[in-house]
Amino acid sequence: MGDHSHGSPNDPGTVAKAGPGTLEAFQDPGLPPHRKRLADVDPRAAKRAERQVALLFVISIIGTLSFFIAYFGLGRSESIAEIRTQNMMLGLGTAFAMLGIGVGIVHWARALMPDHEIAESRHEIRPEKDRADAESMIGEIIEETGIKRRPLIRNTLIGAIALAPIPAIFMFRDLDRTGASAGGIVERLRHTMWDTGMKLTRDPSGTPIKASDVQLGSAFHVIPEGIMDTEDPLNEKAKAVVLLMRLDPEKMEISPGREDWHYNGIVAYSKICTHVGCPVALYEQQTHHLLCPCHQSTFDLTQECKVIFGPAGHPLPQLPITVDSEGFLVARSDFQEPVGPSYWERG
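Within every chain, residues take consecutive numbers counted from 1 along the sequence as written. Local features in a predicted model are, by the rule used here, given only for residues with pLDDT of at least 70; side-chain atom pairs are given and counted only at 80 or more, and totals for whole chains, interfaces and linings are based on all residues. Hydrogens are left out, water is left out, and the side-chain values use all remaining heavy atoms of the structure.

## Re the overall build of the chain
Helix and strand labels come from DSSP, where a helix needs a run of H or I of at least four residues and a strand needs a run of E of at least two; each type is numbered from the N terminus. What the chain contains, in helices and strands, is 8 helices and 12 strands. Within the chain, the proportion of its 347 residues that are buried is 35%. Whether two residues are in contact is decided by their heavy atoms, any of which lying within 4.5 Å being enough. Taking the intrachain contacts of the chain between residues at least 6 apart in sequence as the baseline, contacts between residues at least 24 apart amount to 60%. Burial here depends on accessible area, computed with a 1.4 Å probe over protein chains only, as a share of the maximum for the residue type. Under 20% is buried, over 50% is exposed, and the range in between is partly exposed.

## What to know about the pattern of salt bridges
The term salt bridge refers to a side-chain nitrogen of Lys or Arg lying within 4 Å of a carboxyl oxygen of Asp or Glu. Within the structure shown, the criterion is met by 9 salt bridges. Of the charged contacts in the structure, one is a salt bridge between Glu50 and Lys47, with a shortest N-O distance of 3.7 Å. A residue pair is termed a helical-turn pair when its members lie 3 or 4 positions apart in one helix, as Glu50 and Lys47 do in helix 2 (residues 43–73) at 3 residues. The exposure class assigned to Glu50 is buried, which follows from its relative accessible area of 4%. The partner of Arg258 in a salt bridge is Glu304, with the nearest N and O atoms 3.6 Å apart. With a gap of 46 residues between them, Arg258 in the loop between strand 5 (242–246) and strand 6 (266–270) and Glu304 in the loop between strand 9 (298–300) and strand 10 (306–309) connect regions that are remote in the sequence. There is no split in this pair, since Arg258 and Glu304 are both buried. Look at the salt bridges and you will find they share partners, linking Lys47, Glu50 and Arg150 into a network.

## So, the environment of Asp203
In this structure, Asp203 sits in the loop between strand 3 (200–202) and strand 4 (219–224). A C-alpha to C-alpha distance of 8.0 Å links Asp203 and Phe220, two positions 17 residues apart in sequence. When residues no more than four places from it in sequence are discounted, the contact partners of Asp203 are His221, Val222, Ile223, Lys237 and Val241. Two N or O atoms count as a polar contact when they lie within 3.5 Å, although within protein this holds only if one can serve as hydrogen donor and the other as acceptor, and sequence-adjacent residues are included solely when both atoms are side-chain atoms. One polar contact links Asp203 to Lys237, side chain to side chain, over a distance of 3.0 Å.

## Some details on helix 2
The span one expects for a helix is its residue count, reduced by one, times 1.5 Å. Along its 31 residues, helix 2 runs 44 Å from first to last C-alpha, staying within 8% of the 45 Å computed at 1.5 Å per residue. Between the side-chain oxygen of the N-cap and the backbone nitrogen of Arg44 there are 3.0 Å, and the N-cap of helix 2 in question is Asp42.

Listed below in structure tokens is the structure:
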């Protein structure tokens, strides 16, 4: 009889070959051959990659400096155009500051740091030896980054990382409304153009409104008298525009202290939604609801514009009004709280 001992199919290190009854050992192919990069074989390419990484870190530094220029140079912006420019510069400066560091580190790793692959078998945990191995690995990592022998990358990276967090410090500082820097911002947001005795006028004609002009179910879009003569009427209007309506006084729920804020059921409320500042422009006569078309926040006019639906967090601020000797509607004062979206003092 012939020799039929070819090994068991269950033996390790063997694999079935095509065809019945034949077995052949399976060899570990190992890692594929390492392909060197251009920067690994050409010193000029490595130097060029080093300069590119340093340039990206310099871009991060320029981005941070741009933030400072916008923050301090345009810090007292008043007009909407200036505020828009400042916000754009702040955003772009922060973006380039973060992007320069991130892209620079990625390019550094891909072009200059060693990219060879290694395979290491698992072993038993031995605390003392593992600690020594970890220290050795950290040393190897630092050495492989090349940060010690590439001062251009090292210095620009240190500068970028040192400057990048500083804008956040100033931004968080401005959240303190008691601070000197924040005080100007809070003061500008707190007050509008409305003042005692200022006439309510139609938007956009500027025609004064008499109490007799306002009937039940009617709604007027209102701006302060003389707003078009100001230096920046759009900026003033963005804070001061109101809606004027007349209700049956018996259907109104009036809080203590607000008894004289209306005139025979005529009420005025800020037109700026307390969610994100969209214009509240829809008035439902039957339900006495004001609706913001952006995110459907709904305010009940009979309950001092309390929020009854939607994401808005606060009622619309009410403008105290009365009439003058000629019967024209005038403001008693400015709003008693800041208009617009949620704000420092609001809980």
